[in-house]
Every structure is written in structure tokens, then in C-alpha cells.
Amino acid sequence: MKKDFAVIGLGRFGGSICRRLSELGMEVLAMDNDEERVNEYASIASHAILGDSTDEAVLKGIGIRNFDHVIVAIGDNIQASILTTLILKELGVKHVTAKALNDYHEKVLLKIGADMVAHPERDMGIRIANNISTSNVLDYLDVSDEHSIVEIVANEKLGGHTIIDLNIRARYGLNIVAIKRGEDIIVSPMASEKIWLGDILIIIGADSDIERFRKKVIE
């Protein structure tokens, strides 16, 4: 079902959200107090407007409470971010996601009613660190505070063995949810499936278990 989104703040983070939602066919209102940015997204978003999100009258005027989800992606102005989030919740916006610059900012946003807080710079830093720490890890995606999905290239310790032989679930508490093999992908592989050298294993589990697995098997 198509939803109506509003993205307030069209910097790198907000701009990428706006662009992707538009690509997915969603109705997106883009808003910023920088005219150049608004002009840039005028041809991308369904609507692009110049305005001050800390002005309650402006937000009321665009009918902000009618949007299903509002993303507060204001860059480096913590005061504007907090005030905007507060006004949105007071106006009855159903779901507000706000960008936080630090842990203190996050605590304040959650206290005033933000439904979700994003730490794009911190989260991307963690993801990059996980990716570059070993050449066998292709990607690392957080699914919660303590669980992740990781893509791992099968090395000599994994290649040539079946899933049941490796017994990864019992030994490490991890689940192989899929195997990429060239152009093919095997979803929910059987326990008897043999892993080939160079296969990409998509594994889900607790971060602590993934770390144990990496140290024992991958590195």
C-alpha cells in the first residue's frame, strides 16, 4: 500500500531517503530551508517546498499531520531537530523518525516522542569497520541492537563440507539462511547442502556469536 512520507532536511541522509522512497513509487514531500536543495529535489520528490520546520504554522499549513511517516533528517542543528520533532508529535504525526548526531541527542529525541532514531554516521562507521576487518566478510547489516546479518565468503575451512558437517547452528548459534553461488541463490538450504569454496553464505545471529565464528572459522 502506498504511503505518504515527508522528509525534512535534504542533506546527504535526508536526500538519499527522499530519492529512494521516490524510486519506490511513494508519495514524498521534501522540505528544507535551503532553496538550492529544494530546487535540486523538485524533480525527484512529489512535492518540494522551502520552509522552516521549527515554525508550527508552516507545518500546519502543509497538513503535516496527514502524512503516514515523517523523517526529520536535519543535519547539524540539534535545536532545530528537537523542536521540529516535538512539534510533529504535538500535531499528531503518527510516526516520526529522527536523525541523531550523538547519544545525548538520541535520548532527548526519544524522550520527546520520536518513534525511531537513526545514527547514520555511527552505524555506517560500524558497518565499514566490520566489512574491512577481514577480507572474507562482504557485508554486515544490523537487524537489532544485538543481532546482525552477515555475508561471508566460504574459505577452506568451510568449503567442501555440508551444513550438517559444520554444525554451525549448534556450535555457534548461527543460521545459514541462504547461499549465493554465482548467479544462483539457494534459500533456506538443506542440512545436506555442500558448501563450495567461494560460496557466499548469508548468516544471521547474535553479534557475539558472529564474532566467535569469525575468530574461529574466518580469520
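If you're wondering where the values come from, they're calculated on a predicted model, not measured in any experiment. (Residues numbered from 1 in each chain as written. Predicted model: local features only at pLDDT ≥ 70, side-chain atom pairs only at ≥ 80, totals over all residues. Heavy atoms only, no water.)

**Q** Would you mind going over the pairing of strand S10 (residues 184–187) with me for this structure?
**A** Looking down a regular strand, the side chains alternate between one sheet face and the other. Of the strand pairs in this sheet, strand S9 (residues 175–181) and S10 are connected by 4 bridges, and their pairing is antiparallel. By the bridge assignment for S10, alanine 178 is matched with valine 187. The hairpin turn running from S9 into S10, its antiparallel successor, is 2 residues long, and glycine 182 in that turn takes a positive phi close to 65°. (Pairing = 2+ DSSP bridges. Helix = DSSP H or I, 4+ residues; strand = E, 2+ residues; numbered from the N terminus.)

**Q** Looking at this structure, I do not really get the packing of aromatic side chains. What am I missing?
**A** One pass over the structure, following the stated rule, counts 1 aromatic pair. Aromatic side chains tyrosine 172 and phenylalanine 213 sit 5.2 Å apart centroid to centroid with 75° between the ring planes, which places their arrangement in the edge-to-face category. Taken together, the residues span a long stretch of sequence, with tyrosine 172 in helix H8 (residues 168–172) and phenylalanine 213 in helix H9 (residues 207–218) at a distance of 41 residues. The pair tyrosine 172 / phenylalanine 213 is uniform in exposure class, with both members buried. (Phe/Tyr/Trp six-rings, centres within 6.5 Å; stacked < 30°, edge-to-face > 60°. Buried < 20%, exposed > 50% of the residue type's maximum accessible area, 1.4 Å probe, protein only.)

**Q** I tried to follow the layout of surface pockets on my own but got confused; where do I start?
**A** Vacant regions in the atomic arrangement are exposed by a probe of water-molecule size rolled over the atoms. Here the second largest pocket is characterised by a volume of approximately 220 Å³. Forming the boundary of the second largest pocket are Ile163, Ile164, Asn167, Ile168, Arg169, Leu174, Asn175, Ile176, Pro189 and Ala191. Elements with a minimum of two residues in the lining of the second largest pocket: helix H7 (163–166), H8 and S9. Looking at the lining of the second largest pocket residue by residue, the class counts come to 7 nonpolar, 2 polar and 1 charged. (1 Å grid on protein atoms, 1.4 Å probe; cavity = no way out; pocket = protein on both sides within 12 Å on 5 of 7 lines; lining within 4 Å. Points joined across faces, edges and corners; volume = space filled by probe spheres on them. Nonpolar A, V, L, I, M, F, W, Y, C, P; charged D, E, K, R; others polar.)

**Q** Help me understand the sheet that holds strand S2 (residues 27–32) in this model?
**A** The pairing of strands in a sheet happens through backbone hydrogen bonds and is either parallel or antiparallel. The strand order across the open sheet built from 6 strands is S3-S2-S1-S4-S5-S6, with neighbouring strands paired in parallel fashion. Strand pairing shows two members of the sheet lacking a second neighbour, strand S3 (47–50) and strand S6 (116–118), which therefore form its edges. Neighbour-to-neighbour, the strand axes of this sheet turn through a mean angle of 15°, independent of strand direction. The sheet contact formed by strand S5 (residues 96–99) and S6 spans 3 bridges and is parallel. Paired with threonine 97 across the two strands is methionine 116, which belongs to S6. Helix-sheet contacts for helix H1 (residues 12–23) involve strand S1 (4–8), S2, strand S4 (69–72), S5 and S6, and the interaxial angle to S1 is about 160°. (Axes fitted to C-alpha atoms, helices over the stretch in contact; angles between N-to-C directions. Contact = heavy atoms within 4.5 Å.)

**Q** Honestly, the packing of helix H4 (residues 78–90) against helix H5 (residues 103–111) in this entry has me stumped. Any pointers?
**A** A pair of packed helices can be characterised by two numbers: the angle between their axes and the separation between those axes. With their axes 9 Å apart at the nearest point, H4 and H5 run at an angle of 15° to one another. By the angle between their axes, H4 is roughly parallel relative to H5. Crossing geometry of H4 relative to H5 is assigned as right-handed. Residues Ile78, Ser81, Ile82 and Thr85 of H4 form the contact with H5, whose own contacting residues are His105, Val108 and Leu109. Residues that form the contact of H4 with H5 fall into these classes: 4 nonpolar, 3 polar and no charged. (Parallel < 35°, antiparallel > 145°, perpendicular 65-115°, else oblique. Left-handed = near helix turned anticlockwise from the far one by under 90°.)

**Q** How do you make sense of the confidence of the model for the chain when you look at a structure like this?
**A** Predicted coordinates in regions of low pLDDT should not be interpreted in detail. Averaged over every residue, the pLDDT of the chain is 88; the share at 70 or more is 88%. Per-element confidence in the chain is highest for S3, whose mean pLDDT is 97, and lowest for helix H6 (residues 120–132), whose mean pLDDT is 62. (pLDDT = per-residue confidence, 0-100.)

**Q** How should I be thinking about a negative patch on the surface in this particular structure?
**A** On the surface, a cluster of negative charge is made up of Asp34, Glu35, Glu36 and Glu40. Among the structural elements, aspartate 34 can be located in the loop between S2 and helix H2 (35–41). (Patch = residues over 30% accessible without salt bridge, like charges linked within 9 Å, V, L, I, M, F, W, Y side chains within 5 Å. Areas by Shrake-Rupley, 256 points an atom, 1.4 Å probe, with all protein chains shown as cover. Salt bridge = Lys/Arg side-chain N within 4 Å of Asp/Glu carboxyl O. Lys, Arg positive; Asp, Glu negative; His and termini not counted. Charge placed at Lys NZ, Arg CZ, Asp CG, Glu CD.)

**Q** Honestly, unusual backbone geometry in this entry has me stumped. Any pointers?
**A** Most of the time, phi is negative for any residue but glycine, and the peptide bond is trans. The phi dihedral of asparagine 167 falls on the positive side, at around 55°, and the residue is not glycine. Position of asparagine 167 relative to the elements: it lies in the loop between H7 and H8. At serine 188, a residue that is not glycine, the phi angle is positive and equals roughly 50°. Mapping serine 188 onto the fold places it in the loop between S10 and strand S11 (200–206).

**Q** Would you mind showing me how to read the side chain of serine 81 here?
**A** Here serine 81 lies in helix H4. Residue serine 81 is classed as buried on the basis of its relative accessible area, which comes to 1%. What serine 81 contacts, discounting residues up to four positions off in sequence, is Val72, Ile74, Lys99, His105 and Leu109.

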